[in-house]
Amino acid sequence: MTPRHFPAPSAWRRIQTAWGLPDLAGKGRFVTANVIDSLGNGLVMAFTVVFFVKTTSLSLVAVGAALTVGQLLALPVPPVIGLLMDRYGPRIVVAAGNWISVAGFIGFLFSHAAWHIVLWQFVVQLGSNAFWMGNSPLIVLVARGVERARWFGFVRALRNVGVGFGGAASAVALSIGTVTGLRAVLAVNVVSFAVAGWLVITFRGADPSEAAGAGPAEPKPAEPERATGETTGRPAGGYRTVLKDTRYLRLVGANISFVFASTVVSVLLAVYVADNLDVGAWIVGVLVVLNTVMVALFQTLASRWIEARGPATVLVLALLLNAAAFAVFGALLALPGWAVIAGLLVAMVLYTVAEILSSPPTSELSVVMAPEHLRGRYLGVYQMSWSVGGALAPALLTALLAGGAALPWVFLTAISVLAVPLVLGLDRRPAATSEATPAGDAASVEQLDGGPVG
């Protein structure tokens, strides 16, 4: 038999493999849409407060309060988005999320009163929730059973880089200082998000015609039993089914620990360093840059390591690294001034490695642990851990800091350690699914095309 000869991989493919990048061939629209969203979100995060202070007669406090209320009003939204995703599929939900954000940004341009800001911030938050809830299952469909950890790591790295560049662009815009310039920046954001929605809705990277080339099959989670006489054309179960799934709720509970950890840099770090440590405020900027650069450079490389190991094992390591980082942050109160800077750098490295390791497996498990026909509802519950945790973290962590400089670090260390038992065994299929017929992620392509799932 004549041996088969395969062509040597191209130089670009060798670079992709070396850096832990997924195969991007044919995925340009999907990748570009994620880049646009990341840049836009980075711009908005650093831009919104100053924009409204400059373009309205409202005070800084009033603007901040209005934005907070708008975000709080969006807290109950993820379960509703979950219902829509089960009906229409992730691609339509992601594109709709971009276009809803467009409507919110247009509303920003014409906002003059506090209630205007509340309304349009709610709309923008609604669009953001829709995008991120739909993006994870869309990544699974794009990956088609292969390189999933690399895809999740790649999108995470894109987001980090995009937020950094968006923040830098925002700083340049703010340095210009004119109201016209600020409005022009927001108008660019409107156009870019509209384009991102079009790129997603026209993307055909996992159409049924391509399913034959999909990678190795992935075991399909067991579906709840259907009642006698129930038609198979409609999704069985609902949010009651999700709330009875204790394995999935363990993932949601463990993710709350990562949600609180994700707020450390934005909520806790600067005020902790400035008010409690005998070092200059400049070190906070160094730590933020260190975190951003590490994620941008090493997220995809780490994905190569992650994909060869069980997600639960990786999450245990991430939780223990977080616990160690928070313990070091708290211990700095007892160190002399010359050792504090070194300690801050060590703690930030541990924290960032935990961030790099935790993102791909939590995102992947949130999708693949969910029964396909209820995936939107499951992700609605998962997203609530981000919405509720993100809303509670600033108030709780600052209150703990006011009670004692070490208290927030004790709390964060404790919840990281307590989350370890929750993730153990999450990547092992329950016995009930051991005889299930394997089904690849390509079986979900109907969702991508917006058809009903069932």
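Each value, and the rule that gives it
- Residues numbered from 1 in each chain as written.
- Predicted model: local features only at pLDDT ≥ 70, side-chain atom pairs only at ≥ 80, totals over all residues.
- Heavy atoms only, no water.
- Helix = DSSP H or I, 4+ residues; strand = E, 2+ residues; numbered from the N terminus.
- Buried < 20%, exposed > 50% of the residue type's maximum accessible area, 1.4 Å probe, protein only.
- Contact = heavy atoms within 4.5 Å.
- Areas by Shrake-Rupley, 256 points an atom, 1.4 Å probe, with all protein chains shown as cover.
- Expected span 1.5 Å × (residues − 1).
- Polar contact = N/O pair within 3.5 Å; in protein donor to acceptor, adjacent residues only side chain to side chain.
- Phe/Tyr/Trp six-rings, centres within 6.5 Å; stacked < 30°, edge-to-face > 60°.
- Core = buried A, V, L, I, M, F, W, Y, C linked by side-chain atoms within 4.5 Å.
- pLDDT = per-residue confidence, 0-100.
- Patch = residues over 30% accessible without salt bridge, like charges linked within 9 Å, V, L, I, M, F, W, Y side chains within 5 Å.
- Salt bridge = Lys/Arg side-chain N within 4 Å of Asp/Glu carboxyl O.
- Axes fitted to C-alpha atoms, helices over the stretch in contact; angles between N-to-C directions.
- Parallel < 35°, antiparallel > 145°, perpendicular 65-115°, else oblique.
- Left-handed = near helix turned anticlockwise from the far one by under 90°.
- Nonpolar A, V, L, I, M, F, W, Y, C, P; charged D, E, K, R; others polar.

Summarise the overall build of the protein; cite the residues concerned and give the values.
Per the secondary structure count, the protein includes 17 helices and 0 strands. Out of the 454 residues belonging to the protein, those deemed buried represent 50%. Within the protein, counting contacts between residues at least 6 apart in sequence, those at least 24 apart form 85% of the total. Of the roughly 19700 Å² that the protein leaves accessible, carbon and sulfur atoms contribute 69%.

Please give an account of helix α8 (residues 179-201) that cites residues and values.
Here α8 contains 23 residues, and its C-alpha end-to-end distance of 34 Å stays within 8% of the 33 Å for a straight helix at 1.5 Å per residue. Of the positions making up α8, those classed as buried are G181, L182, V185, L186, N189, V190, S192, F193, A196, G197, L199 and V200.

Let's hear about the side chain of N255: which residues, and what values?
Mapped onto the elements of the fold, N255 is located in helix α10 (residues 246-262). For N255, the side chain forms a polar contact with the side chain of S385, separated by 2.9 Å. Sequence-distant contacts of N255, defined by excluding residues within four places in its chain, comprise T362, Y382, S385 and W386.

Explain the packing of aromatic side chains to me, using residue names and the numbers behind them.
Geometrically, a pair of aromatic rings is defined through the distance of the ring centres and the angle of the planes. Summed over all chains, the structure comprises 14 aromatic pairs. For the ring pair F260 and F411, a centre distance of 5.6 Å and an interplane angle of 70° mean the geometry is edge-to-face. Taken as a pair, F260 in helix α10 and F411 in helix α16 (residues 407-423) lie far apart in primary sequence, 151 residues in all. We classify F411 as partly exposed; its relative accessible area is 24%. Between the aromatic rings of Y272 and W409, the centroid separation amounts to 5.0 Å while the plane-to-plane angle is 70°, which identifies the pairing as edge-to-face. Of this pair, Y272 sits in helix α11 (residues 264-276) while W409 sits in helix α16; the two residues are 137 residues apart in sequence, bridging distant segments of the chain. The buried category is assigned to Y272, whose relative accessible area is 0%. Owing to a relative accessible area of 1%, W409 belongs among the buried residues under this scheme.

Quick one: what's the story with the nonpolar core, residue by residue and with numbers?
One finds F30, W151, Y248, L251, L365 and V423 to be the most contacted residues of the largest nonpolar core, which totals 62 residues. For this core, the element with the highest residue contribution is helix α6 (residues 114-143), accounting for 8 residues. Here V423 is in contact with R250, A254, A312, L315, V316 and L319, once residues within four sequence places are set aside. Counting 28 residues, the second-largest nonpolar core is a separate cluster that includes F260, L268, L277 and L344.

Describe the environment of F258, naming the residues involved and giving the relevant values.
Looking at where F258 falls in the secondary structure, it is placed in helix α10. When its relative accessible area of 6% is taken as the criterion, F258 is described as buried. Taking the C-alpha atoms as reference points, F258 and S385, separated by 127 residues in sequence, lie 9.6 Å from one another. Leave out the neighbours within four places in its chain, and F258 touches L315, A318, L319, N322, S358 and T362.

Tell me what's going on with the confidence of the model for the protein, and back it up with residues and numbers.
Do not read the predicted coordinates in detail wherever pLDDT is low. Mean pLDDT over the protein: 80, with 79% of residues reaching 70 or higher. Low pLDDT (under 50) marks residues 206-234, which in the prediction has 52 contacts with non-local residues, meaning those over four places away or in another chain. Considering only residues more than four positions removed or in separate chains, one finds that residues 431-454, a stretch of pLDDT under 50, has 59 contacts.

Describe a nonpolar patch on the surface, listing the residues and the values that go with them.
On the surface, V80, L84, Y88 and I92 cluster together into a nonpolar patch covering about 330 Å² of accessible area. It is helix α4 (residues 77-88) that contributes the most residues to the nonpolar patch, 3 residues altogether. Examined against the element boundaries, Y88 turns out to sit in helix α4.

Account for the packing of α10 against helix α13 (residues 311-331), with residues named and values stated.
Two numbers describe how α10 lies on α13: the axes approach to 11 Å, and their chain directions differ by 40°. By the criterion of interaxial angle, the relationship of α10 to α13 is oblique. As α10 packs across α13, the resulting crossing turns out to be left-handed. From α10, S257, F258 and A261 reach across to α13, where they touch L315, A318, L319, N322 and F326. Residues that form the contact of α10 with α13 fall into these classes: 6 nonpolar, 2 polar and no charged.

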